[in-house]
Amino acid sequence: MKVTLDDLPLRDDLRGKTPYGAPQLDVAVRLNTNENPYPPPPELVADVTAAAAAAAADLHRYPDRDATALRADLAAYLTGATGVPLTAENVWAANGSNEVLQQIMQAFGGPGRTAVGFEPSYSMHPIIAAGTRTEWLPAPRRADFAIDVDAAAALLRSTGPDITFLTSPNNPTGQSLEPAELAVLIDAAPGIVVVDEAYAEFSDRPGAVTLLDTHGHKLIVSRTMSKAFAFAGGRLGYLAAAPAVVDALQLVRLPYHLSALTQAAARASLRHAEATLGSVALLRHERDRVVDELRSAGYDVVPSDANFALFGAFTDAPRAWQAFLDRGVLIRDVGIPERLRVTVGTPEENDAFLAVATDLATKEL
Ligand code: PMP
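Residues numbered from 1 in each chain as written. Predicted model: local features only at pLDDT ≥ 70, side-chain atom pairs only at ≥ 80, totals over all residues. Heavy atoms only, no water.

Defined as follows: UniProt positions are given in the numbering used here, feature names are shortened, and annotations may be inferred rather than shown by experiment.
Per an unreviewed UniProt entry, the recorded name for the protein chain is Histidinol-phosphate aminotransferase, and the organism is Pseudonocardia hydrocarbonoxydans. Recorded in UniProt for the protein chain, the comment headed Sequence similarities (unreviewed entry) runs: "Belongs to the class-II pyridoxal-phosphate-dependent aminotransferase family. Histidinol-phosphate aminotransferase subfamily." Database annotation for the protein chain, UniProt heading Catalytic activity (unreviewed entry): "L-histidinol phosphate + 2-oxoglutarate = 3-(imidazol-4-yl)-2-oxopropyl phosphate + L-glutamate".

Here you go:
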């Protein structure tokens, strides 16, 4: 007998939901999950390997439950990047920023609590809300996908969510909020405000870390090594906040959630931050080129402060997505009518994408 989901005593509120599912397809040009297209350099691979070997000798023991050394390294990186003095006490880390966000919702959301996000935005925010039984209240963006700050502040005051999500730069639209706009929204929000800065390193604007001094009683800045750091496969996300927030997350995290191998690999990778982040300038330059060339080909492109761009307009976005795939280029249909999202790749990958995009611009799609 084949058991289906319907046969299982699944929670009623999870019935009919669909899991996160960016297609993982074996295609020559993969520009669909906003990764850094450059593999780690050989010196970094060698350092990660040596660090993993050293950690392997101790695998009979549980890892450092509090990942103290890694958190100190992340704090040092953030201090260097933002000029804001931070220590390990301000930083928490988990398996990708998705796990960081889940821990935040476990601690500050949950049954009887609400979370607001301005959509379209990162699709995992409502999925994690559902998993933690936090009621998700979607709020609108303007037609050009920017946040109307005054309207958003009024909405936060009237709905009073326990958690507010601000994604800057926003996935999948690419727009950022200025620090002054973030400050207005944090002031308006009664509860915790999470600024999801997965793409911070690609942005021209100073991030929300600069607001911790003034808004630290309710601000959490979430970051990741998956994008600019080229460490998506290593699974390491982190946050910066007041030490009390870190104390709160310790109540919900699973003991030893970050394996000894993950901690060692992330620390080794961080030692090469300068080299890895060297690719960011190139990717920003390529982003501007991709946006310009898409516009020249006749597309409407949302201005991007990240390593991806949302473009259209297509009559039938799913059909256009398939047309790209049929020509060997995997991009992303994020479910926004008439639009598709492309990640910035290497110059060669971008050339391949732009050739297909230019060709398809002449077709009725
Ligand atoms: N936040 C945003 C806005 C994202 O786009 C992503 C990845 N797509 C994440 C968080 C999660 O990334 P990770 O779990 O790899 O850190």
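**Some thoughts on the overall build of the protein chain**
Heads up, the rule is: Put simply, DSSP H or I for four residues or longer makes a helix, DSSP E for two residues or longer makes a strand, and each gets a number counted from the N terminus. The globule rule is 2.2 Å times the number of residues to the power 0.38, and the radius of gyration it is compared with is taken over C-alpha atoms. Accessibility here uses a 1.4 Å probe with only protein chains present; expressed as a share of the type maximum, an area under 20% marks a residue as buried, one over 50% as exposed, and anything in between as partly exposed. Contact definition: two residues touch when any of their heavy atoms are within 4.5 Å. For accessible areas, the Shrake-Rupley method is used with a probe of radius 1.4 Å. Any residue's cover is judged against the shown protein chains and nothing else.
Along the backbone of the protein chain there are twelve helices and twelve strands. At 21 Å, the protein chain has a C-alpha radius of gyration in line with the 21 Å of a compact globule built from 365 residues. Counting across all 365 residues of the protein chain, residues that qualify as buried make up 52%. Pairs at least 24 residues apart make up 75% of the contacts formed inside the protein chain by residues separated by at least 6 positions. For the protein chain, the computed accessible surface area is about 16,200 Å², with 54% contributed by carbon and sulfur atoms.

**Here we look at the site of the ligand**
Counted only if it meets this: Throughout this document, a residue counts as near a molecule or strand when at least one of its heavy atoms sits within 4 Å of that molecule or strand. A 3.5 Å cut-off defines polar contacts: any pair of N or O atoms within that distance qualifies, except that in protein one atom must be a possible hydrogen donor and the other a possible acceptor, and neighbouring residues in sequence count only when both atoms are side-chain atoms. Any residue that is not Ala, Val, Leu, Ile, Met, Phe, Trp, Tyr, Cys, Pro, Asp, Glu, Lys or Arg is counted as polar, Gly included; the first ten are nonpolar and the last four charged.
In the vicinity of the ligand lie 13 residues, with S97, D196, Y199, T224 and S226 positioned nearest. Note that an oxygen atom of the ligand is positioned 2.7 Å from one of the side-chain N or O atoms of Y199. K227 has a polar side-chain atom sitting 3.1 Å from a nitrogen atom of the ligand. Protein contact buries 94% of the 400 Å² of open area that the ligand shows by itself. Ranked by the residues each element gives to the shell around the ligand, the list is headed by helix α3 (residues 96-108), at three residues. Residues that form the shell around the ligand fall into these classes: three nonpolar, seven polar and three charged.

**Observations concerning the UniProt feature "modified residue: N6-(pyridoxal phosphate)lysine" (unreviewed entry) in the protein chain**
Under the feature "modified residue: N6-(pyridoxal phosphate)lysine" (unreviewed entry), the UniProt entry names K227. Here K227 is to be found in the loop between β7 (219-224) and β8 (237-240). Filtering out sequence-adjacent residues up to four positions away, K227 remains in contact with T33, N34, N36, A198, Y199 and F202. A polar contact of 3.3 Å, which involves the side chain of K227, links it to the backbone oxygen of T33.

**Quick word on the packing of helix α2 (residues 68-82) against helix α9 (residues 260-270)**
What counts, and what does not: To obtain each axis, a line is fitted to C-alpha atoms, and for helices this fit is confined to the stretch in contact; angles are then taken between N-to-C directions over 0 to 180 degrees. Should an angle fall under 35 degrees it is called roughly parallel, over 145 degrees roughly antiparallel, and 65 to 115 degrees roughly perpendicular, with every other angle called oblique. Helix crossings are classified by the rotation of the near helix relative to the far one: an anticlockwise turn of less than a right angle makes the crossing left-handed, while a clockwise turn makes it right-handed.
At a closest axis distance of 10 Å, the pairing of α2 and α9 adopts a crossing angle of 25 degrees. With respect to each other, α2 and α9 are oriented roughly parallel. Both α2 and α9 take part in a crossing whose hand is left-handed. Residues A69, L70, D73, L74 and Y77 of α2 touch α9, and the partners they reach there are Q263, A266, R267 and L270. Here the contact of α2 with α9 is built from residues that sort into six nonpolar, one polar and two charged.

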